Amino acid sequence: DAGVIQSPRHEVTEMGQEVTLRCKPISGHNSLFWYRQTMMRGLELLIYFNNNVPIDDSGMPEDRFSAKMPNASFSTLKIQPSEPRDSAVYFCASSAGTSGYNEQFFGPGTRLTVL
Amino acid sequence: QQPVQSPQAVILREGEDAVINCSSSKALYSVHWYRQKHGEAPVFLMILLKGGEQKGHEKISASFNEKKQQSSLYLTASQLSYSGTYFCGTEDTGRRALTFGSGTRLQVQP
């Protein structure tokens, strides 16, 4: 059974460029989470969706970040324009529900470097 | 607000035990524990729910003190494979999403 799939695994871009990160959750899971991990700030929740609807985007840093989930099997996180401080590992995770009873399964992450 | 984990780091010899603590200033609905190895994604270990229910791996034990909003993860007879960074994630009754602590780095040596 395939786990959470993320692409690309590594992304190097220049400041000002648009970056799009992609995620395919585990089939049958109805909750999807985007996290960002840095040494300074740790593992932060950016946004999460339930049944393709954004539920909590309070962690999205600013208007340069946007996320969509057009269907149950695909989500994107877009940064436009990118800045060096956006450099981090971005994880996507999915779970079978939103309640605290359900474990989250993390994808392998996308390591983003903005020069 | 981020939960507080302690200790920040611990070094063990194989076979030794360790306890990792997690505390929050908010009323909690659940506490999750994950382990992350270097360069990899976090992996689920355990969920503890308000009311005493637990869900997780058989070889890992944990506790949840609802009154104190604290949880502890117990690692017994540690193995080399236990090395990694352990994160607690808390879900408070107001926000139904996980907030992760800063992590506890555990290193098990032969």
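Residues numbered from 1 in each chain as written. Chains lettered and ligands numbered in written order. Predicted model: local features only at pLDDT ≥ 70, side-chain atom pairs only at ≥ 80, totals over all residues. Heavy atoms only, no water.

### What to know about the overall build of chain A
Stage number 1. Along the backbone of chain A there are zero helices and eleven strands.
Stage number 2. In chain A, the succession of α and β elements from N to C terminus is β-β-β-β-β-β-β-β-β-β-β.
Stage number 3. Relative to a compact globule of 115 residues, whose C-alpha radius of gyration would be 13 Å, chain A shows 13 Å and is just as compact.
Stage number 4. The dimensions of chain A, computed from C-alpha atoms along their principal axes, are 40 × 30 × 25 Å.
Stage number 5. Taking all 115 residues of chain A together, the buried fraction comes to 50%. (Helix = DSSP H or I, 4+ residues; strand = E, 2+ residues; numbered from the N terminus. Rg over C-alpha atoms; globule rule 2.2 N^0.38 Å. Buried < 20%, exposed > 50% of the residue type's maximum accessible area, 1.4 Å probe, protein only.)

### Some details on the packing of aromatic side chains
Stage number 1. One pass over the structure, following the stated rule, counts ten aromatic pairs over all chains.
Stage number 2. With 5.6 Å between their ring centres and 70 degrees between their planes, A:Tyr35 and B:Phe100 make a pair best called edge-to-face. With one member in each of two chains, A:Tyr35 in strand β4 (residues 31-38) and B:Phe100 in strand β10 (residues 99-100) form a pair that bridges those chains.
Stage number 3. Residue class for B:Phe100 comes out buried when judged on its relative accessible area of 2%.
Stage number 4. Ring geometry for A:Phe106 versus B:Phe100: centroids 6.4 Å apart, planes at 65 degrees, classification edge-to-face. With A:Phe106 in strand β10 (residues 105-106) and B:Phe100 in strand β10, this residue pair bridges two chains.
Stage number 5. The buried category is assigned to A:Phe106, whose relative accessible area is 11%. (Phe/Tyr/Trp six-rings, centres within 6.5 Å; stacked < 30°, edge-to-face > 60°.)

### A look at the sheet that holds strand β1 (residues 4-6) of chain B
All names here are of chain B.
Stage number 1. Reading across the sheet, the four strands line up as β1-β3-β8-β7 and stay open at both edges, with antiparallel pairing between neighbours. Either end of the sheet is taken by a strand with one partner, and the two such strands are β1 and β7 (61-65). Along the sheet, successive strands turn relative to each other by an average axial angle of 15 degrees, direction set aside.
Stage number 2. Across six bridges, strand β3 (residues 18-23) lies against strand β8 (residues 70-75) in antiparallel orientation. In the sheet register, Asn21 faces β8, and the bridge partner there is Ser72. (Pairing = 2+ DSSP bridges. Axes fitted to C-alpha atoms, helices over the stretch in contact; angles between N-to-C directions.)

### Focus on the environment of A:Asp56
Residues and elements named next belong to chain A.
Stage number 1. Mapped onto the fold, Asp56 is located in strand β6 (residues 53-56).
Stage number 2. In this structure the C-alpha to C-alpha distance between Asp56 and Cys23, which are 33 residues apart in sequence, comes to 18 Å.
Stage number 3. Polar contacts involving the side chain of Asp56 include one to the side chain of Ser58, which spans 2.6 Å. (Polar contact = N/O pair within 3.5 Å; in protein donor to acceptor, adjacent residues only side chain to side chain.)

### Some points on the state of the cysteines
Stage number 1. A complete count under the given rule lists two disulfides over all chains for this structure.
Stage number 2. Across the disulfide, A:Cys23 is cross-linked to A:Cys92 (sulfur-sulfur distance 1.9 Å). What sets the handedness of the A:Cys23 and A:Cys92 disulfide is the S-S torsion sign, and at about -65 degrees it is left-handed. Within this pair, whereas A:Cys23 is found in strand β3 (residues 19-24), its partner A:Cys92 is found in strand β9 (residues 88-95), the two being separated by 69 residues in sequence. Just as A:Cys23 is buried, A:Cys92 falls in that class too.
Stage number 3. Disulfide partner of B:Cys22: B:Cys88, at an S-S distance of 2.1 Å. The chirality of the disulfide connecting B:Cys22 with B:Cys88 is right-handed, given an S-S dihedral of about 70 degrees. Here B:Cys22 is found in strand β3, whereas its partner B:Cys88 is found in strand β9 (residues 84-92), with 66 residues between them in sequence. (Disulfide = S-S within 2.5 Å.)

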